Amino acid sequence: MDEPNTDVIQGTLDMLILKTLSLQPMHGFGIARRVEQISKGVFKVNPGSLLTALQRLERSGWLDAEWRQTENSRRAKFYSLTRTGRKQLDIETADWRRRTAAVARLLNAEG
Amino acid sequence: MSLWRQLARGLRALGNRAATDHEVADEVDDYVEHARAAYIARGFSPHDAMRAARLDIGNVTAAREQVRSYGWENAIETLFGDLRFAARRLRTNPGFSIVAVITLALGIGATTAIFSAVNPILFAPLPYPHADRIAAISDFGADDTPIDVTFGTYRELAARSRSFDAMSVFKPWQPTLTGGSEPDRLNGQRVSADFFRTLGVAPLVGRDFQAADDRPQGPNVVILSDALWQKRFGGDRTIVGKSITLDDDSYVVAGIMPSHFENVPAPNAELWAPLQYNTSFTPDSREWGHHLRMIGRVRAGVTIEDAARELGQISRARVPEFQRVPWASLDRGLIVSSLQHNVTRVVRPALLAVLGAVVLLLAIACVNVTNLLLARAAHRHGEFAMRAALGADRSRLIRQLLTESLLLAVIGGALGMLVAEVGVRVVVGLSPPGLPRVNAIHVDVIVFAFGLVVTTVIGVVIGVIPAVHASREDLRFGLQRASVRTAGGHGTTRSTLVVAEVALALILLVSAGLLLRSIERLFAVPTGFDTAHLLTMQVQEAGRQFSRDSARVRFFDDALEAVTRVPGVEAAAFTALLPLSGETDTYGVHFEADREAKDEGAALRYAVTPDYFATMRIPLLRGRLLDRHDVAGMPRVVVLNESYAKRRFPKGDALGQRLHFGPDDGQWYTVVGIVGDVRQSSLSLGDEDAIYLTPSQWHWVDQLMSLVVRARGDAIALTPAIRQAIWSVDKNQPIVRVATMDELLARSQANRHFALVLFEAFGVVALLLAAVGIYGVLSGSVSERTREIGVRAALGASSGEILGLVLRQGLTLTAFGVAVGLGGALLATRALVVLLFSTSRLDPLTYLGVIALLGGVALVASSVPAWRASRVDPAIALRAD
């Protein structure tokens, strides 16, 4: 139990996926790797949860998906952000900022 | 848009499951492949990279399943999976499934059928606007039963009461319609002008009756029912305003009622004409006869109770403008109730009892199916344990069991609807003649919903019990237990249910037994005459030719003469009132001996031809019978029945007494004879006061007489010859209601009989279900205890001892059930008291008989598993598994 917890903070996986895809379309593994790299290994995404989340986000209309060739000429399912997805990202980001700011204020409060 | 997307994707996934699965699998594989490539890029060996990638994603199948299981369509898929599985389970155990489905179908079907029949009669509002405002008003008869009102009473109430929007009186009318191929005797009503307005309905075509129609010598107008209009006039609207011929008189068709109009007060009526009574009349006129039924529509905001209070005040406070006669003095007030209550008064106890019985039956059916499911769940410990071990969670198991029981309930419910369809027809077929609103009885939407709700509730209830039972067990322990048959699992729940089942069955059987005893006792009651070989029919004279009384009298005389000559006829007579036919015709009586009494009471009026007593075999006790010389113009004489004479003249000096009967026209009747008592309305009612006289010595001439014929052999076979004999006198006279006296006798007990037949049917089903329950629990228990029994046998228990062991178990359950059921029966039979006849609801013979019957059936049901237990071979039992 000494290993640091690398689980994605509950409820933030959708936001992380949307944010990652806002830069460019990506396939599942690409998203996982990007999250891990940018968070410098703090978060490791569970593949099962990730693929299920992608399914859900696509159903909700925030993502589009299409099968494409990758650079090493393999087929992969690429996800890209839709317009409603972008709006959703804005909403979730604003919400997250508001809440972390509140947490920060609480933690910083003296005596 | 998102919803649309959800739906479209879901449907696509459902429609092409294979492709969707493939896509998910591909994506997961891709992921693994990318991860492996990434690990290689970080310097892992190909083998280690694969391992690491696999480790990341965990169980590939689980990951696929996780991704796959997203989306609403998967819930549906699981449901279908569950259903398929449940259907397979039910198929592998056909004995269980068939018994369960049949039990449910009978329970639900019978409940739905009875509810269908009872609902429109007792509970649904009558088919009129604001039906709760329609009241029925009756006068008090002897022993406080309601009797019809007189026109005089109606006239006074209509003028003085302020609680009603409209009031109406009416009486039966049976005109003969000519002009078609043959004369047709119709059932109709003579009604006062406001009849349809009181009910709140109006003719579809034409006009309603007006006050101007309802006066003496008013116009001959008639309103037709939709059925008669369609049948006789082909639905031709131009008939309105034209004339039709009724009883040789011409009537103008004023209107036609809509097809949905249901005439609750007289369901058979096909046409209506105005009553046309005099509004000023003397005490000896028909306007003071108790022969009109009365209804009223209370004003908005006034309750029927308010109206009853007002009518009560009017009854007590006489006013000079409205004189009353002693037999309609209203001294005891009036009986006011809702029309619905009034028309269902007679059948209500029987219907409520049957409704109660069917609820008991449904309860037994539910208990039985629950027991079957429990017994089966007990055999499936192993299966559940195995599935839990393979990863099925508890809720999944509960859902599976719920699906199974719901499937059973739905199949049972569907079959139950079939049973209900048939059952409703049977109930209508069995229904007593007085049952109101029979035409409104059918399996309707409300009842279907009722059946469906019952089905679903049963499904959930019987589903939850085994599911809770199964999931409460420690599944791992269950896995072991499945292979080690020890003396565990006493099945307390199941035993309790069997006890309940036996108890419920006992209540039903006791009720059925009490009804059976009542019917037996009723038919043992002497009718006062010999019912065998007696044929009865109604003969009516219709038409202008009979406008003179002498012609009427001659027709009946000639007809009787002709009938007597028919070979096979021993004796024949006419009577104005036929015993056990359901008719009553009473008139006020005033004996010369007691001058003081105001309200003299009334007696049944039998205007009979002299041979009536011989034909019916009513014994003469004292004095003389009526004879041929007692005709108009001769001294008026009457014959009394025995109990009437005894009550009025306890000293035995009835002969020679003088009395007024009906209107007082100044002349006395003299009592010349006393005959035996006869049951007029029903076997269960007490002796009724009766006065016999000859038709020609009565105040008026009867148009409608009943012919009674004593046959030498088979009575009904004489019918054609007798008809021909009457028609040889006049071929235009309708003859109706041909029946043997034995049929009338059976019909007079139709309400009890109706209840009895249904109770017997339910009782038999309950007995069978209880037997199945006992058998099921014992055979389950025997197969669970095989090992224990084997040990006992190995240790020297004889097969007789083992037989006794199991039998004792069965009989103990039955004994508990009987004890509980006795308590229930003591309570439940209270509701039955009205239907019983000289049978106590605690009748010991019935209780003992039912207990013996249940005990016997329990013994038979226990003996099969007991016998199987006694044959257990210890060597095999101990080595089993």
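Residues numbered from 1 in each chain as written. Chains lettered and ligands numbered in written order. Predicted model: local features only at pLDDT ≥ 70, side-chain atom pairs only at ≥ 80, totals over all residues. Heavy atoms only, no water.

1. Examining the overall build of chain B
Then comes step 1: For chain B, the count of helices and strands is 27 helices and 24 strands.
Then comes step 2: Computed over the C-alpha atoms, the radius of gyration of chain B is 38 Å, more than 25% above the 29 Å expected from 2.2 N^0.38 for a compact globule of 881 residues.
Then comes step 3: For chain B, the C-alpha atoms occupy an extent of roughly 135 × 80 × 55 Å along the three principal directions.
Then comes step 4: Out of the 881 residues belonging to chain B, those deemed buried represent 52%.
Then comes step 5: Within chain B, contacts between residues separated by at least 24 positions form 81% of all contacts whose residues are at least 6 apart in sequence.
Then comes step 6: Placing the 89 positive and 86 negative side-chain charges of chain B at their respective mean positions leaves the two points 6 Å apart. (Helix = DSSP H or I, 4+ residues; strand = E, 2+ residues; numbered from the N terminus. Rg over C-alpha atoms; globule rule 2.2 N^0.38 Å. Buried < 20%, exposed > 50% of the residue type's maximum accessible area, 1.4 Å probe, protein only. Contact = heavy atoms within 4.5 Å. Lys, Arg positive; Asp, Glu negative; His and termini not counted. Charge placed at Lys NZ, Arg CZ, Asp CG, Glu CD.)

2. Considerations on the interface of chain B and chain A
Put simply, an interface is often sized by how much accessible area is lost when its parts join up.
Then comes step 1: At the junction of the two partners, chain B supplies 24 residues and chain A supplies 28 residues.
Then comes step 2: Across the interface of chain B and chain A, roughly 2400 Å² is buried in total on both sides, 53% from carbon and sulfur atoms.
Then comes step 3: At the boundary of chain B with chain A, the tally comes to 0 salt bridges.
Then comes step 4: One can count 2 residue pairs in polar contact (both at pLDDT 80 or more) joining chain B with chain A.
Then comes step 5: Looking at the side of chain B that touches chain A, the elements with two or more residues in it are helix H1 (2–15), helix H2 (17–41), helix H3 (46–57), helix H4 (60–68) and helix H5 (72–92) of chain B.
Then comes step 6: Top element by residues in the side of chain B that touches chain A is H2(B). It accounts for 10 residues. (Buried area = accessible area lost by both parts, 1.4 Å probe. Salt bridge = Lys/Arg side-chain N within 4 Å of Asp/Glu carboxyl O. Polar contact = N/O pair within 3.5 Å; in protein donor to acceptor, adjacent residues only side chain to side chain.)

3. Regarding the sheet that holds strand S15 (residues 569–575) of chain B
All names here are of chain B.
Then comes step 1: What the 4 strands build is an open sheet, ordered S15-S23-S14-S24; its pairing is antiparallel. With one partner strand each, in any of the chains shown, S15 and strand S24 (735–740) form the two edges of the open sheet. Between one strand axis and the next, the sheet turns by 20° as a mean value, whatever way the strands run.
Then comes step 2: Strand contacts of helix H22 (residues 741–748): strand S14 (534–540) and S24, with the helix running at about 85° to S24, the strand carrying the most contacts. (Pairing = 2+ DSSP bridges. Axes fitted to C-alpha atoms, helices over the stretch in contact; angles between N-to-C directions.)

4. Things to note about the pattern of salt bridges
Residues and elements named next belong to chain B.
Then comes step 1: Applying the stated criterion across every chain, the model contains 31 salt bridges over all chains.
Then comes step 2: For aspartate 194, the salt bridge goes to arginine 197, with nearest N and O atoms at 2.8 Å.
Then comes step 3: Residue aspartate 208 is joined to arginine 197 by a salt bridge in which the shortest nitrogen-to-oxygen separation is 3.3 Å. Of the two residues, aspartate 208 is situated in the loop between strand S7 (205–206) and strand S8 (221–224) and arginine 197 in helix H8 (residues 195–199); the sequence distance between them amounts to 11 residues.
Then comes step 4: One continuous salt-bridge network, built from bridges that share partners, spans Asp530, Glu570, Arg617 and Arg710.

5. Re the nonpolar core
Residue and element names in this part refer to chain B.
Then comes step 1: Core analysis: the largest hydrophobic core is formed by 77 residues, its most contacted members being Ile114, Leu351, Leu508, Leu515, Phe759 and Phe762.
Then comes step 2: Those elements that provide at least two residues to this core are helix H6 (94–123), helix H12 (348–379), helix H14 (394–430), helix H17 (492–524), helix H23 (750–784), helix H24 (786–794), helix H25 (799–828) and helix H26 (844–870).
Then comes step 3: At 16 residues, the largest contribution of residues to this core is made by H23.
Then comes step 4: Of all hydrophobic cores here, the second largest spans 43 residues; its members include Val638, Ala711, Ala715 and Ile735. (Core = buried A, V, L, I, M, F, W, Y, C linked by side-chain atoms within 4.5 Å.)

6. So, the packing of helix H1 (residues 13–23) of chain A against helix H2 (residues 28–38) of chain A
All names here are of chain A.
Then comes step 1: At a minimum axis distance of 10 Å, the contact between H1 and H2 shows a crossing angle of 100°. With respect to their mutual orientation, H1 and H2 come out roughly perpendicular. Facing H1, whose interface residues are Leu16, Ile17, Thr20, Leu21 and Leu23, H2 presents Ile31, Arg34 and Val35.
Then comes step 2: Residue composition of the contact of H1 with H2, by class: 6 nonpolar, 1 polar and 1 charged. (Parallel < 35°, antiparallel > 145°, perpendicular 65-115°, else oblique. Nonpolar A, V, L, I, M, F, W, Y, C, P; charged D, E, K, R; others polar.)

7. Focus: H22(B)
Along an α-helix, residues three or four apart share an orientation, since each turn contains 3.6 residues.
Residue and element names in this part refer to chain B.
Then comes step 1: Among the residues making up H22, those that are buried are Met741, Leu744, Leu745 and Ser748. When H22 is viewed along its axis, its buried side chains cluster within an angular range of 105° and face the same direction.
Then comes step 2: Buried residues in H22 make contact with H17, S14, helix H19 (612–616), S24 and H23. (Arc of directions from axis to C-beta.)

8. Some remarks on the side chain of Asp208(B)
Residue and element names in this part refer to chain B.
Then comes step 1: Among the residues examined, aspartate 208 registers a relative accessible area of 9% and is labelled buried.
Then comes step 2: At a separation of 3.3 Å, a polar atom in the side chain of aspartate 208 contacts the side chain of arginine 197.
Then comes step 3: Once residues lying within four places of it in the same chain are set aside, the contact partners of aspartate 208 are Phe196, Arg197, Val201, Pro203, Asp213 and Ile223.

9. With respect to the sheet that holds strand S2 (residues 63–69) of chain A
Then comes step 1: Read across the sheet, 3 strands follow the order S1-S3-S2 (chain A) without closing on themselves; strand pairing throughout is antiparallel. Of all strands in the sheet, those bounded by a partner on one side alone are strand S1 (26–27) and S2 of chain A.
Then comes step 2: Running at roughly 95° to strand S3 (residues 75–81) of chain A, H2(B) makes contact with S1, S2 and S3 of chain A of the sheet.

10. Looking at the environment of Gly109(B)
Residues and elements named next belong to chain B.
Then comes step 1: By the element assignment, glycine 109 lies in helix H6.
Then comes step 2: When its relative accessible area of 0% is taken as the criterion, glycine 109 is described as buried.
Then comes step 3: Each C-alpha atom, one on glycine 109 and one on valine 424, is 9.3 Å from the other, the two residues being 315 residues apart in sequence.
Then comes step 4: Apart from the residues within four sequence positions on either side, glycine 109 is in contact with Leu104, Gly416, Val419 and Ala420.

11. Quick word on the packing of aromatic side chains
Describing an aromatic ring pair means giving the distance of the ring centres and the angle of the ring planes.
Then comes step 1: As enumerated under the stated definition, the model contains 25 aromatic pairs over all chains in all.
Then comes step 2: Here Tyr587(B) and Phe661(B) contribute two aromatic rings whose centre-to-centre distance is 6.3 Å and whose plane-to-plane angle is 80°, an arrangement assigned as edge-to-face. Of this pair, Tyr587(B) sits in strand S16 (residues 586–591) while Phe661(B) is found in strand S20 (residues 658–661), placing the two residues 74 residues apart along the sequence. For the residue pair Tyr587(B) and Phe661(B), the accessibility class agrees, reading buried in each case.
Then comes step 3: These aromatic residues form a ring-pair network of at least three members: Tyr128(B), Phe170(B), Phe195(B), Phe196(B), Phe209(B), Phe261(B) and Trp272(B).
Then comes step 4: Its end group placed over the ring of Phe78(A), Arg68(A) keeps NZ or CZ at 4.9 Å from the ring centre.
Then comes step 5: The cationic tip of Arg636(B) hangs over the ring face of Tyr669(B); the distance from NZ or CZ to the ring centre is 4.9 Å. (Phe/Tyr/Trp six-rings, centres within 6.5 Å; stacked < 30°, edge-to-face > 60°. Lys NZ or Arg CZ within 6 Å of the ring centre and 35° of its normal.)

12. Focus on the confidence of the model for chain B
Then comes step 1: Per-residue pLDDT for chain B averages 84, and the proportion of residues at 70 or more is 91%.
Then comes step 2: Mean pLDDT values for the elements of chain B range from 53 in helix H16 (residues 475–483) of chain B up to 96 in S8(B). (pLDDT = per-residue confidence, 0-100.)

13. Some details on the pairing of strand S17 (residues 602–607) of chain B
All names here are of chain B.
Then comes step 1: With 5 of 6 residues buried, S17 lies mostly within the body of the structure.
Then comes step 2: Relative to S17, S16 runs antiparallel, the two being bridged by 3 bridges. When the sheet's bridge partners are listed, glycine 588 is paired in S17 with alanine 602.
Then comes step 3: Sheet topology places S17 next to strand S22 (residues 690–693); 4 bridges connect them, and they run parallel.

14. Notes on the pairing of strand S9 (residues 243–246) of chain B
For a regular strand, the rule is simple: side chains alternate between the two faces of the sheet.
All names here are of chain B.
Then comes step 1: With burial as the criterion, only one face of S9 is covered, namely that bearing Ile244 and Leu246; the residues Ser243 and Thr245 on the opposite face remain uncovered.
Then comes step 2: Both strand S4 (residues 176–178) and S9 contribute to a ladder of 2 bridges, which runs antiparallel. Counterpart to threonine 178 in the pairing with S9 is threonine 245.
Then comes step 3: Pairing analysis gives 4 bridges linking S9 to strand S10 (residues 249–256), with the strands arranged antiparallel. Bridging across to S10, leucine 246 finds its partner in aspartate 249.

15. What about a nonpolar patch on the surface?
All names here are of chain B.
Then comes step 1: Where nonpolar side chains cluster on the molecular surface, the patch consists of Trp4, Leu7, Leu11 and Trp72 and spans about 440 Å² of accessible area.
Then comes step 2: It is H1 that contributes the most residues to the nonpolar patch, 3 residues altogether.
Then comes step 3: Inspection of the secondary structure assignment puts leucine 7 in helix H1. (Patch = residues over 30% accessible without salt bridge, like charges linked within 9 Å, V, L, I, M, F, W, Y side chains within 5 Å. Areas by Shrake-Rupley, 256 points an atom, 1.4 Å probe, with all protein chains shown as cover.)

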